[in-house]
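Commentary on secondary and tertiary structure
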Amino acid sequence: MTPYAVMVTPKVGVALSYGALSETNSSLTLSASTDFGFTFKNGLNDRYVLSHDDLTMTMRLTGKSQSRNSLIPLAQSEVIDVLFARGCPYVTFRVDNAFPKIHSDFGIDTMVASVRSGHSNDEKTVDNITIRECAAYPACAAADLKGFCCPMSKEKGNIFHPCCSTPLATQGPAKVFNVKMKNGYYWRVYSSIETEWIWDQDQAITTEPITGIIRVALVPDASGLSSTAALIKTSKKNLTDSRLLDIHAAAYPTSANVRLEADRSKNVQFGYINFEWSVAYMGNNFLQGYEILPPLLMLALEHHTQTLVIDSTVGFFPAGSLDYRGGLKGPATAIIGSAWKMKEELTSIDWLPPNPITDPEKLDAIKKQLIIDTTRPAGETDKDAAWIAYDDWFQNPYWNGKEVGRLATLALIAENLGFEDRKITANNQLRAILDLWMTAKNGDPLVYDATYGGLSTSHGMDNHDLDFGFSFYNDHHFMLGYFLYAFAVAIKLDASFAATYRTEIFAFLYDVTNPGVGASLYEPGIDRAAFPRARHKDFYEGHSWASGIFFMGQGKAQESSSEAINCYYAAYLLALALGDIELADWNRILLAMEIRATRLYYHMPKSTLIYPKDFAANKVTGVLGALSVQSTTWFGPSTAFSHGIQILPVTPITELVWDPSFVLEDMKYLNKNLDRDSCDDTWLAFIECERAVVHPETAWQNLLAMGPTDTGTTKTALLYWVATRPSIVHKHDKETP
C-alpha cells in the first residue's frame, strides 16, 4: 500500500513499515518490520473488512471486550476502523471509545506535542533559535521541527515553548505530535480532538479513551537520519515537509472509484483511467491558521505521472518536496486533488502484425514449417489432439491453455497465408480440445466456486496446490488468457462457436477481465456480480498480480509480465470477435496499462530511475513482488529464463512491449552474459524473438537453425513474427556475433 507495507495481526495491531531496502546484485527486498504500530491499550481482539473498492479498504478492529459476534453493544466497546488508501502518505484511524496505543519494533525515542498557531509570534521567535542551540537538548532536537520544543532560558531572551511545560513522559493536550522512533524514522500524528499521551520507550497511550479521527504520516526526508549533523543538514527540508503534511492532514479518503473510458472520436484512439476519491475532513478548523478545507494529498508512481492529464483538478509541490519512496517502484510524486485522469494511447494492432511479409523465401520457409507443425503423428487424426484434455499430468488449464493457444495461432497464420487446408487442420484440432472443455467432458472439468466468485478445477477443490494453484486463483489470467485467445480465433473462423458456447465463453472471460458494471449484448446467462472486477489487475500499481489468494511472506507477486499482457490482448480480440466494441475498449485499456507498467517495472534500461544501478544491470526482472523483486525466476537462475518468461507467448502485441532502444542495450548484455549451456532452444528461441526487434535478419537465421520450441508456441509462429518485423536502421550499432 504505497508508500507503506501494511500488516494487521492480533499481536501487533496495524503495523506500518516504510521498509529499509536490502540490495544485492540479483534482488531487492523491503523489510516488513513494525516501524509504526497502532492498536488498543489492552490488545486487539478481532479484525475484519468492512468495505473495499479498487483503491481503498476499511478494516474494523475491536478491542479485547468486543468481537464481530459479541453481544456487547458497539457503543460500549472499543472500536477502531482503519481506512487504508493506496498511494496515501497518511493512514487514517477512526477511533471509537478506545485507548489507542502507539509502538514500534525499534522503540520510541521521543514524542513531543507540536503547537501550531498559524503565523504566531511564538513560532517566529522559536524559528530564530538555531538548530545548533537546540541540539544541546537531544530530546527536543529529535522532535525534528526547527526550534520547536527548545527549552531555552527566558533569561537569554528566548521562548520557553509551551510544549515543554510538562514532563516529556506526558505530552499534550494537542492535535499534532512529532514521534521519533529509535530507527531514526519521524512520524506526524494528527488527532481531530485535543489528546494527551503518556509515553516511554515502549509505547504511547492516550490518558483517556477517545472518540475521533487519528491520522499518521511518515515525514520522509528526516526519516532514517541518526546523527545530529544529518538532522541539522535536513532541518529546513524536514520543516517544509512537516508543514505540508499539516496543511493537508484534515482531508482523508474514505472510498474511491476507478472508471475506465475510451475516446473513439479521433484517429488515434485514447483510453482514460479515472481515479475518483470520496473525501471527508477532520473539521473546518482542524488546525488554527488552516481554516480553509484543504485538497486531498496523495502519491503517484512513475506510470501515473507519465500519463496524468494536467488540468485545474490536480496540483503539485515544488521539486524535492515530500520525497516518498514508492515501495520498490522508484520515487513517488505528491499530488493534490481528489480526481486523477490518466491518458493512454490504445493499440490499433488486432489479429495480425502491422507489417506484412514480402520476402518470398521467408514465406516459403514459414509454409513448410506450418505443414510440420500442424501434422499429427502417423496414424492419428485431428480429433486425437484431444488427448491432452485427459492426460493425468497435462490435463490442467495451463498445459491445455498453451496447447489451444498454439493451435489457434497456427490456424490464424494459415488463414493469413491463404493456406486453407492447414487452417482447417489446425482449427479441427483446436475444436477437438475446446469442445471438451466447454461441455465439461475433459479430465478435470471447471466448476464455479461461490466462496471467492470464480472458476476452479474439480480436482483443485480438494487440493489447492494442484493445477498450479488454480483453485486458489494463482495465474488465472495466464492460464485462461490462452483460452480467451483460442476462443477469439475459433469465433473468427466459425461464428457458430460463440452461439453454441456463449455462457461458457463469458464465464472464462469474466473470471479474469470482468468490467464489473453494465452488460454486454452477448452475455446471456452470466451475472457480472458473480465475479470480481478484473481479478488480477492492480489499478494503482498498473500491472497485475498472479499469486491469487496464496499467502506470500513478501507480498503478492507476478513472474510473467508477457502472459499477463497477452491475457488482456486475448480478451480484446475476443470482444472484437463478438462485435462488442465497449468490451473491446475496456480490455484495450487494461492492456495499455499492463504494457506501460511492464516497460517501467520489468525492463531496466540504463536510464531507469526505478531500480538501483547494480540491480538494474540485470536488464529484466524475473519476479516482481510487492516487497521484493529478483532477477531470477521461480524455476531457475538462467538469464534465458528471466528474459524468456517476459517474452512468451510471442503474438502481434509483443511489438508494443519491447522498445527498440532498450532491446539494443539488452542484446549487448545478453551477447556478453547469456550462458547458452544453461538452457535449450525452447528458451533461446524467445531471445531470438527479442533480437528480431533490432536485428531481424540475424534472428531469422538463428531461429531457422534451432530445434523444438516451447509447448505454447511453434517454430511457425516464431518465424512468422520475426519475418513481420519492420526494418529499423540503428546508427553506430553492429550486431555482435
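Secondary structure summary: the protein chain contains 19 helices and 26 strands in total. In the protein chain, of all internal contacts separated by at least 6 residues, the share reaching a separation of at least 24 is 68%. Total accessible area on the protein chain is roughly 29000 Å²; 53% of this is exposed by carbon and sulfur atoms.

On to the nonpolar core. With 213 residues, the main nonpolar core has Phe93, Tyr324, Trp340, Leu484, Phe487 and Tyr611 as its most contacted residues. Each residue touching Phe487, except ones within four places of it in the same chain, is listed here: Leu434, Met438, Phe497, Ile505, Phe508 and Leu574.

Quick look at the sheet that holds strand S17 (residues 270-281) now. Spatial strand order, S16-S17-S21: three strands in an open sheet with antiparallel pairing. Among the strands making up the open sheet, the edge pair consists of strand S16 (251-263) and strand S21 (339-345). Across the sheet, the mean angle from the axis of one strand to that of its neighbour is 15°, orientation sign disregarded. Across seven bridges, S17 lies against S21 in antiparallel orientation.

Let us look at the packing of aromatic side chains. In this structure the tally under the stated criterion is 34 aromatic pairs. Ring centres of Phe394 and Trp399 lie 5.7 Å apart, and the angle between their planes is 65°; this geometry places the pair in the edge-to-face category. Accessibility expressed as a relative area gives 28% for Phe394, which makes it partly exposed. With relative accessibility at 19%, the residue Trp399 sits in the buried group. Taking 6.1 Å as the distance between ring centres and 70° as the angle between the ring planes, the aromatic pair formed by Tyr452 and Tyr473 counts as edge-to-face. Of the two residues, Tyr452 is situated in the loop between strand S22 (446-449) and strand S23 (454-457) and Tyr473 in the loop between S23 and helix H9 (476-493); the sequence distance between them amounts to 21 residues. Judged by its relative accessible area of 45%, Tyr452 is partly exposed. Of the residues examined, Tyr473 reaches a relative accessible area of 2% and is grouped as buried. What links up through ring pairs into an aromatic cluster is the set Tyr4, Tyr18, Phe36, Tyr185, Trp187 and Tyr324. Sitting over the ring of Tyr601, Lys329 keeps its end group 5.3 Å from the ring centre.

With the rule as written, the count across this model stands at five cavities of 30 Å³ or more. The volume enclosed by the largest cavity comes to roughly 180 Å³. If you go around the largest cavity, you meet 19 residues; those closest to its centre are Tyr482, Tyr485, Asn566, Pro649 and Thr651. Listed by contribution, the elements that provide at least two residues to the lining of the largest cavity are helix H7 (397-416), H9 and helix H12 (561-578). The element best represented in the lining of the largest cavity is H12, accounting for five residues. Split by residue class, the lining of the largest cavity holds nine nonpolar, eight polar and two charged. Counted as a void, the second largest cavity has a volume near 100 Å³. Surrounding the second largest cavity, 13 residues form its lining, Thr409, Ile413, Thr651, Pro652 and Tyr720 being those nearest its centre. Looking at the lining of the second largest cavity, the elements that each hand over two or more residues are H7 and helix H19 (715-723). A breakdown of the residues in the lining of the second largest cavity according to their chemical character gives eleven nonpolar, two polar and no charged.

Before going further, it helps to spend a moment on the environment of Thr374. Its place among the elements puts Thr374 in helix H6 (residues 360-374). Thr374 sits in the buried class, given a relative accessible area of 1%. On a C-alpha basis, the gap between Thr374 and Leu407 in space is 7.9 Å, while along the polypeptide they are 33 residues apart. In contact with Thr374, other than residues within four places in its own chain, are Leu410, Arg422, Thr425, Ala426 and Gln429. Among the polar contacts listed, one links the side chain of Thr374 to the side chain of Arg422, at a separation of 2.8 Å.

Attention shifts here to the packing of helix H16 (residues 660-673) against helix H17 (residues 681-691). Viewed as axis vectors pointing N to C, H16 and H17 meet at an angle of 140°, and their least axial separation amounts to 10 Å. Both H16 and H17 take part in a crossing whose hand is left-handed. Together, Val663, Asp666, Met667, Leu670 and Asn671 of H16 and Ile687, Glu690 and Arg691 of H17 make up the contact between the two elements. Residue composition of the contact of H16 with H17, grouped by class: four nonpolar, one polar and three charged.

Another aspect to go through is the side chain of Asp382. Within the secondary structure, Asp382 sits in the loop between H6 and H7. Although Asp382 is buried, it makes no salt bridge; Arg376 carries the closest opposite charge, 5.9 Å away. Side-chain polar atoms of Asp382 contact the side chain of Gln429, separated by 3.4 Å.

On the basis of which strands lie adjacent, the open sheet formed by five strands has the order S3-S4-S26-S25-S24 and antiparallel pairing. A strand with exactly one partner marks an edge of an open sheet, and here the two such strands are strand S3 (21-23) and strand S24 (557-558). Note that S24 and strand S25 (residues 623-625) share two bridges and pair antiparallel. Of the residues in S25, the one forming a bridge with Gln558 is Leu624.

This part takes up the pairing of strand S18 (residues 297-300). Of the two faces of S18, the one carrying Leu297 and Leu299 and the one carrying Met298 and Ala300 are both buried. Across four bridges, the pairing between S18 and strand S20 (residues 333-336) is antiparallel. Of the residues in S20, the one forming a bridge with Met298 is Ile335.

This part covers the pattern of salt bridges. Oppositely charged side chains can pair when the atoms bearing their charge come close. Taken as a whole and judged by the stated rule, the model has 32 salt bridges. Between Arg725 and Glu655 there is a salt bridge, with its nearest N and O atoms 2.8 Å apart. Placement of the pair is Arg725 in the segment after H19 and Glu655 in the loop between helix H15 (639-644) and H16, with a sequence separation of 70 residues. Accessibility expressed as a relative area gives 7% for Arg725, which makes it buried. One salt-bridge network, in which partners are shared between bridges, spans Arg86, Lys329, Asp538 and Glu541.

Compared with an ideal rise of 1.5 Å per residue, which puts twelve residues at 16 Å, helix H11 (residues 502-513) spans 16 Å between its outermost C-alpha atoms and is within 8% of the ideal. Most of H11 sits inside the fold, with nine of its twelve residues counted as buried. Along H11, the residues classified as buried are Ile505, Phe506, Ala507, Phe508, Leu509, Tyr510, Asp511, Val512 and Thr513.

All right, on to the pairing of strand S6 (residues 44-52) then. Bridge count for S6 against strand S7 (residues 56-63) is seven bridges, and the pairing is antiparallel. Paired with Val49 across the strands is Met59, a residue of S7. Counted between consecutive antiparallel strands, the loop separating S6 from S7 contains three residues.

What follows concerns the packing of H11 against helix H13 (residues 581-601). Between H11 and H13, whose axes approach to 12 Å, the crossing angle comes to 40°. In terms of their interaxial angle, H11 and H13 are classed as oblique. Here the hand of the crossing between H11 and H13 comes out left-handed. Taken together, the residues of H13 that come into contact with H11 (itself represented by Phe506, Leu509, Tyr510 and Thr513) are Leu583, Trp586, Asn587 and Leu590. Here the contact of H11 with H13 is built from residues that sort into six nonpolar, two polar and no charged.

Thresholds applied
Residues numbered from 1 in each chain as written. Predicted model: local features only at pLDDT ≥ 70, side-chain atom pairs only at ≥ 80, totals over all residues. Heavy atoms only, no water. Helix = DSSP H or I, 4+ residues; strand = E, 2+ residues; numbered from the N terminus. Contact = heavy atoms within 4.5 Å. Areas by Shrake-Rupley, 256 points an atom, 1.4 Å probe, with all protein chains shown as cover. Core = buried A, V, L, I, M, F, W, Y, C linked by side-chain atoms within 4.5 Å. Buried < 20%, exposed > 50% of the residue type's maximum accessible area, 1.4 Å probe, protein only. Pairing = 2+ DSSP bridges. Axes fitted to C-alpha atoms, helices over the stretch in contact; angles between N-to-C directions. Phe/Tyr/Trp six-rings, centres within 6.5 Å; stacked < 30°, edge-to-face > 60°. Lys NZ or Arg CZ within 6 Å of the ring centre and 35° of its normal. 1 Å grid on protein atoms, 1.4 Å probe; cavity = no way out; pocket = protein on both sides within 12 Å on 5 of 7 lines; lining within 4 Å. Points joined across faces, edges and corners; volume = space filled by probe spheres on them. Nonpolar A, V, L, I, M, F, W, Y, C, P; charged D, E, K, R; others polar. Polar contact = N/O pair within 3.5 Å; in protein donor to acceptor, adjacent residues only side chain to side chain. Left-handed = near helix turned anticlockwise from the far one by under 90°. Lys, Arg positive; Asp, Glu negative; His and termini not counted. Salt bridge = Lys/Arg side-chain N within 4 Å of Asp/Glu carboxyl O. Expected span 1.5 Å × (residues − 1). Parallel < 35°, antiparallel > 145°, perpendicular 65-115°, else oblique.

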